[in-house]
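What follows is the residue order along each chain.
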Amino acid sequence: MTFSLFSPHDRLASLLLPHSGACVCSTDGSHDFSHILRVWKNATVISDNEGGDTEILVAAVLLHDCVAVEKNSPDRPLASRLSAQKARDILADIGWEAERREKVAHAIEAHSFSGGIEPVTLEARILQDADRLDAIGMIGAARCFYVAGRLNNHLYDAGDPSAEERPLNDSRFALDHFITKLFKLCEGFKTATGRRLAAERHARLQRFYDDLLEEI
């Protein structure tokens, strides 16, 4: 792995990436090294426009999924809190002071949709936006169907793909997840740059959904 991709925080990346849960041997392709790179790219674009402490950001990006909890697990809402606690311990081990550890931990706790924690720092708002950008647009569609396959779910309900006459059930049908979650994400972005990027990706996601329904 190339730590220079996290420049100017190469050394910090070399210390934290082995703890990220996203090593090359990861079996979850939706939360692998490429996901971390995309979230970091999003975070840097937002930070370039909004500001923020990039050392806090890179630590939060690298460790935001350091505890893996499957999407269909009843413990899924706890994932961000578990990752935040592990991040505190990892950063303590490499000598970070308590105040900066807590800034990273808060950003990690608040990034999760299912966690329901409001981000109160700029870095936490940036991480939440950066991670959610990776859940919409074309990459969001790809990740949605990847996860559905991983959990042995169907692409869509053959009898009623758009759920016009049945309850939505995204634990069985990937396409339902667009309505239950993905289309709602655009409304919750916390930074001006994040909102602009989200609007673009939301439009792509909507086009994908509409085009897919037309084909089936």
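What counts and how
- The residue numbering used here restarts from 1 in each chain and proceeds along that chain's sequence as written.
- Only residues with pLDDT of 70 or above have their local features reported here, since the model is predicted, and side-chain atom pairs are shown and tallied only from 80 upward, although totals for entire chains, interfaces and linings are computed over all residues.
- To obtain the side-chain values, all non-hydrogen atoms of the structure were used and water was disregarded.
- Where helices and strands are cited, they refer to DSSP runs of H or I of at least four residues and of E of at least two residues respectively, numbered from the N terminus.
- Expected helix span is computed as 1.5 Å times (number of residues minus one).
- Exposed residues in this analysis have more than 50% of their type's maximum accessible area, buried residues have under 20%, and partly exposed residues fall in between, with area computed by a 1.4 Å probe over protein chains only.
- Contacts were defined at the residue level, with two residues in contact if any of their heavy atoms lie within 4.5 Å.
- The predictor's confidence in any single residue is recorded as pLDDT, a number from 0 to 100.
- As used throughout, domain bounds are those supplied by an automatic or database domain assignment.
- When two components associate, each loses some accessible surface as probed by a 1.4 Å sphere; the sum of these losses over both components is called the buried area.
- We count a salt bridge whenever a side-chain nitrogen from Lys or Arg sits within 4 Å of a carboxyl oxygen from Asp or Glu.
- Definition of a polar contact: a pair of N or O atoms within 3.5 Å, with one able to donate and the other able to accept a hydrogen when the atoms are protein atoms, and with sequence-neighbouring residues admitted only if both atoms are side-chain atoms.

Draft legend 1. Structural detail: helix H5 (residues 98-110). Taking 1.5 Å per residue as the helical rise, H5 with its 13 residues ought to reach 18 Å, and the 18 Å between its terminal C-alpha atoms agrees with that figure. When H5 is considered as a whole, its buried residues turn out to be Arg-100, Val-104, Ala-105, His-106, Ala-107, Ile-108, Glu-109 and Ala-110. Looking at the buried positions of H5, the neighbouring elements they touch are helix H3 (54-63), helix H4 (79-93) and helix H6 (122-133).

Draft legend 2. Broad picture of the confidence of the model for the chain. Here the chain averages 92 in pLDDT, and 95% of its residues register 70 or above. At the low end of the mean pLDDT range in the chain sits H4, at 93; at the high end sits helix H9 (residues 192-215), at 98.

Draft legend 3. Spatial organisation of unusual backbone geometry. For the peptide bond that leads from Ser-7 to Pro-8, omega is 10 degrees, which places it in the cis range. Position of Pro-8 among the secondary structure elements: in the segment before helix H1 (10-16). The phi dihedral of Asn-152 falls on the positive side, at around 60 degrees, and the residue is not glycine. Tracing the backbone shows Asn-152 in the loop between helix H7 (137-150) and helix H8 (174-180). A positive phi angle is found at Ala-163, which is not glycine, with a value near 55 degrees. Turning to its location among the elements, Ala-163 is positioned in the loop between H7 and H8.

Draft legend 4. Representation of the domain arrangement of the chain within the structure. You can read the domains of the chain as domain 1 (9-130) and domain 2 (136-215). Summarising the inter-unit geometry, the C-alpha centres of domain 1 and domain 2 are found 24 Å apart. Contacts between the two partners involve 22 residues from domain 1, matched on the other side by 17 residues from domain 2. Summed over both partners, the interface of domain 1 with domain 2 comes to about 1700 Å²; 54% of that surface belongs to carbon and sulfur atoms. Ranking the residues of domain 1 by area buried against domain 2 places Ser-30, Phe-113 and Asp-129 at the top, with a combined share of 29%. At the junction of domain 1 with domain 2, the criterion picks out one salt bridge. The interface formed by domain 1 and domain 2 includes six residue pairs in polar contact (both at pLDDT 80 or more).

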